[in-house]
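Chain by chain, the residues:
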Amino acid sequence: MTAKFKSLTWKQTSLVVFSALFIAIAIFIVEIALVGTSARDELKASQIELLDSVEQPASNAVWALDDNLAKQTLEGVLKVEHVGSAVIELDDGSTFVNVASPLTSPNLFEPLSKKLFGDLREISRTLYRPLYFEEDEKLHLIGTLTIFYDTQELTDSLFSQLRFSLLGTLTRALLITLILSIVFHRFLTRPIAQISEAIDKIDPESPDENLLPVSKAHMDDELGLVTSKFNQILIQFSQTQSKLRKMATRDPLTGLPNRTLLLETIAVTIQRARVHKQQFCMLFIDLDRFKNVNDSLGHAIGDQFLVRIAQVLERVVGDNGTVARLGGDEFVILADEIQSPDLAADFVERLLFQLNTPMQLNEHTIHPAASVGISIYPDDGMTAEDLIRHSDIAMYSAKAAGSNQWAFFKQQMTERAAVRLRTEASLHDALKNNEFVLHFQPKFDIKTGKVVACEALIRWQKDGRLISPMSFIPVAEETGIIIPIGRWVIEQTCKTLKEWQNKYNYAMPIALNVASQQFEDPSLVPDIKQLSLRYQIKPELLEIEITETSLMNDIEKAITKLQQLKSAGFGIAVDDFGTGYSSLSYLRHLPITTMKIDRCFVTDLPQESAIASTILMLGKQLNLNIVAEGIETEAQLAWLNANNCQMGQGFYFSKPLSQQEFEDKYIKTQTARISQI
């Protein structure tokens, strides 16, 4: 329940009035005490004086028994102020003369009268025989004179005087109250009321635009101090609010708008475009190989790189739109001045040209590249979220086509993205539910035709059917789940080797594939060493197959990792050799044991044999094992045999088999021995 508002002016006036009345009454009580004391003193003095003046006449009247004289004397006494009655008694106690004035009626002051003058209401004097009638000076009692005072009349008289004093005191108090109220209102309550009105006008969004007024009369007092402090708080709050707003809407590294501000800007742009029936473009930009920059040069250089990229984007976009950073190496350009696909394509070409200019960061030269996805309003979306999402999907399509590519959004991309999302969710469930299995494809000695090794290949067993790796491995690589899947492959391979040793006293080297993301994972080498130790597998029984592309991402780091694996005794094979770039210049530095001829070169045999011959020659000179994969015909096998290729695998020999099938066909029939490559 809201308390009823009470004006400070009214409270202040009431307080002053009650204080003034209290002081006036206190002064009046003190004045009564002083006046009462003074009146008592005067009454005592007048009583003694009166007795002294009538004592002789009264004694003479009693001595002469002259009642007329006595009565005249007492009537003279009655004329004295406040005397109510008088009586003369003889020495035997009998009344000689008695006179009295009319009594005053009782009133409210009677109790006070008794309090003040109760002990002075009567006085008496003993009368003695006159001294001149006797020769001796001995005193003889002849009677008593008693005078009674009307103290109520005296009290009424006093309060008649005090009444005017009280009225004067109250008048002065009220006058002072009025003056003080006016002064207080002028110098205190009115400035406070003005401050209150100013506080009501403060805008929470811009608190420093309506500061409180500071009165000149209060600049050097407490009210001025409070007002100044409050204004300082408003200014600091406004500055803090601006910082928070900037933090909430700006990317702290580049200063570009973040997702929140971008969505607001897109919403405004959509409204304007809807009114004017115009189009605009949304560009989603993802830097290519940015992770390599971060990993190889450090996050500090990576941050500098992102800042420079942001500057390039802002310079290229200029007044044609807004550049925002969503996070990481992802940027979005709202190109509201570009209103057609043709203009968008030209703009992206110019953008990539500027973006591809080499950058010098400290002592490092970096060659930027990016993949760009384009969505157009209203064809590709009516909301900000749809436009960003669709341009993001188009960017992934461009990235799949290679580095420095761009693509427009197509509806089919959404369907593929939905499939990718469903596949990603299913992959997580597959790991939990142990739905992955390993199949094994044998490797044969081409000269003897004997099985000397095998390659472990992952399969996904879902709902009673096997799913090809081609349909889920790319999704696993995009989402990063390839790392836990790859760790599962390593452990399962070690388990299989241990099982063969225990069941058949037989061990065959197994090659397993490591994806690019898994190879870049810092835990790869420790995982392989730990798992082989846990399952007591000899290192030479595990061969790690790395794609040429994985090596080229960061050749120095790749050499370091491969050297650690080779030093521990593990075999290292380069898969898909010859399909990448710059391989020959680095090949002699790579600590590898095996080189595989890619199936695309084997398929062309024996008609196109130049590349296969070169690989075989390099392998011989570098003392490497050579494995040809994808052998499907006798002609291919004959050429490889004639050119001294050591090993081969492919459908000509056997397709990948389940573990049970592989054991039945190639392990149970072998004698208890260990075959090595």
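Before reading further, recall that the structure is shown in the block above.
For clarity, every value in this text was computed on a predicted model and none was experimentally measured.

Basis of the calculations
- Residues numbered from 1 in each chain as written.
- Predicted model: local features only at pLDDT ≥ 70, side-chain atom pairs only at ≥ 80, totals over all residues.
- Heavy atoms only, no water.
- Patch = residues over 30% accessible without salt bridge, like charges linked within 9 Å, V, L, I, M, F, W, Y side chains within 5 Å.
- Areas by Shrake-Rupley, 256 points an atom, 1.4 Å probe, with all protein chains shown as cover.
- Salt bridge = Lys/Arg side-chain N within 4 Å of Asp/Glu carboxyl O.
- Helix = DSSP H or I, 4+ residues; strand = E, 2+ residues; numbered from the N terminus.
- Buried < 20%, exposed > 50% of the residue type's maximum accessible area, 1.4 Å probe, protein only.
- Expected span 1.5 Å × (residues − 1).
- Arc of directions from axis to C-beta.
- Polar contact = N/O pair within 3.5 Å; in protein donor to acceptor, adjacent residues only side chain to side chain.
- Phe/Tyr/Trp six-rings, centres within 6.5 Å; stacked < 30°, edge-to-face > 60°.

Trainee: Looking at this structure, I do not really get a nonpolar patch on the surface. What am I missing?
Mentor: A cluster of nonpolar side chains, contributed by Leu175, Ile176, Ile179, Leu180, Val183, Phe184, Leu188 and Ile192, occupies part of the molecular surface with about 630 Å² of accessible area. Relative to the assigned elements, leucine 188 resides in helix α4 (residues 151-200).

Trainee: Explain the pattern of salt bridges to me, please; I cannot follow it from the model alone.
Mentor: Oppositely charged side chains can form a pair if their charged atoms are brought close together. Scanning the model with the defined rule gives 20 salt bridges in all. Note that lysine 668 and aspartate 664 form a salt bridge whose closest N and O atoms lie 2.8 Å from each other. Relative accessible area serves as the criterion here: at 46%, lysine 668 is assigned to the partly exposed category. Its relative accessible area of 37% is what places aspartate 664 among the partly exposed residues.

Trainee: In this structure, what is going on with helix α2 (residues 67-78)? I would like to understand it.
Mentor: An α-helical turn contains 3.6 residues, so a residue and the one three or four places further along point in the same direction. Here α2 spans 16 Å end to end across twelve residues, near enough to the 16 Å set by a 1.5 Å rise per residue. Taken together, the buried positions of α2 are occupied by Ala70, Thr73, Leu74, Val77 and Leu78. Down the axis of α2, the buried side of the element spans an arc of 150°, and every buried residue falls inside it. Seen from the open side of α2, the exposed residues pointing more than 90 degrees away from its buried face are Asn68 and Gln72. For α2, the N-terminal cap is aspartate 66; the gap from its side-chain oxygen to the backbone nitrogen of asparagine 68 is 3.2 Å.

Trainee: It is not clear to me how the packing of aromatic side chains should be interpreted in this structure. Could you clarify?
Mentor: Here the distance between the centres and the angle between the planes together describe a pair of aromatic rings. Inspection of every chain in the model, using the stated rule, returns 14 aromatic pairs. Seen from their ring centres, phenylalanine 440 and phenylalanine 662 are 5.9 Å apart, and the 45° between their planes marks the pair as tilted. Of the two residues, phenylalanine 440 sits in strand β12 (residues 436-445) while phenylalanine 662 sits in helix α22 (residues 659-667), which places them 222 residues apart along the sequence. Note on phenylalanine 440: relative accessible area 0%, which makes it buried. Its relative accessible area of 0% is what places phenylalanine 662 among the buried residues. Taking the centre distance of 5.2 Å and the plane angle of 45° together, the rings of phenylalanine 662 and tyrosine 666 count as tilted. In this pair, phenylalanine 662 and tyrosine 666 both sit in helix α22, four residues apart, roughly one turn of the helix. Through successive ring pairs, a cluster of aromatic residues spans Phe440, Phe444, Trp500, Tyr652, Phe653, Phe662 and Tyr666.

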